[in-house]
Amino acid sequence: MGTIFKLKNRGRAVLSENDQRRVIPIPANAMVTLVGEDIDVDAFVKIRYEGKVLLMLSEDLRSTGELWGKSA
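Residues numbered from 1 in each chain as written. Predicted model: local features only at pLDDT ≥ 70, side-chain atom pairs only at ≥ 80, totals over all residues. Heavy atoms only, no water.

A. Expanded view of unusual backbone geometry. For N29, which is not glycine, the phi dihedral falls at a positive 75°. Mapped onto the fold, N29 is located in the loop between β3 (20-26) and β4 (31-36). We classify N29 as exposed; its relative accessible area is 52%. If you check the backbone angles, E37 has positive phi at about 80° while not being a glycine. Tracing the backbone shows E37 in the loop between β4 and β5 (44-49). (Helix = DSSP H or I, 4+ residues; strand = E, 2+ residues; numbered from the N terminus. Buried < 20%, exposed > 50% of the residue type's maximum accessible area, 1.4 Å probe, protein only.)

B. Representation of the pattern of salt bridges in the model. What the rule picks out here adds up to 1 salt bridge. The partner of R62 in a salt bridge is E59, and the shortest N-O contact between them spans 2.9 Å. Placement of the pair is R62 and E59 together in helix α1 (residues 58-64), with a separation of 3 residues, close to one helical turn. Look at E59 and you get partly exposed, because its relative accessible area is 45%. (Salt bridge = Lys/Arg side-chain N within 4 Å of Asp/Glu carboxyl O.)

C. Representation of the nonpolar core. Ranked by internal contacts, the top residues of the largest apolar core, which has 16 residues, are I26, V32, I47, L54 and L61. Elements supplying a minimum of two residues to this core: β1 (3-7), β2 (11-17), β3, β4, β5 and β6 (52-57). At 3 residues, the largest contribution of residues to this core is made by β5. With near-sequence residues (within four places) excluded, L54 lies in contact with A13, V14, L15, I24, I26, V45, K46, I47 and Y49. (Core = buried A, V, L, I, M, F, W, Y, C linked by side-chain atoms within 4.5 Å. Contact = heavy atoms within 4.5 Å.)

Below is the structure:
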């Protein structure tokens, strides 16, 4: 179960695969699910977007994300 956020503005997250990292743009109005870490404590949190788990700055999610609900 995770917390769902709707981004009010464009955002960015980091995808880490096979020891490589790349920045993934996330458009405004996209829905992301917080799946790991504490948004109020940790610098980065794990989110799920389009089926991938990404790292996003907690501050970015706090400032651009609108709380939407909980996933089942």
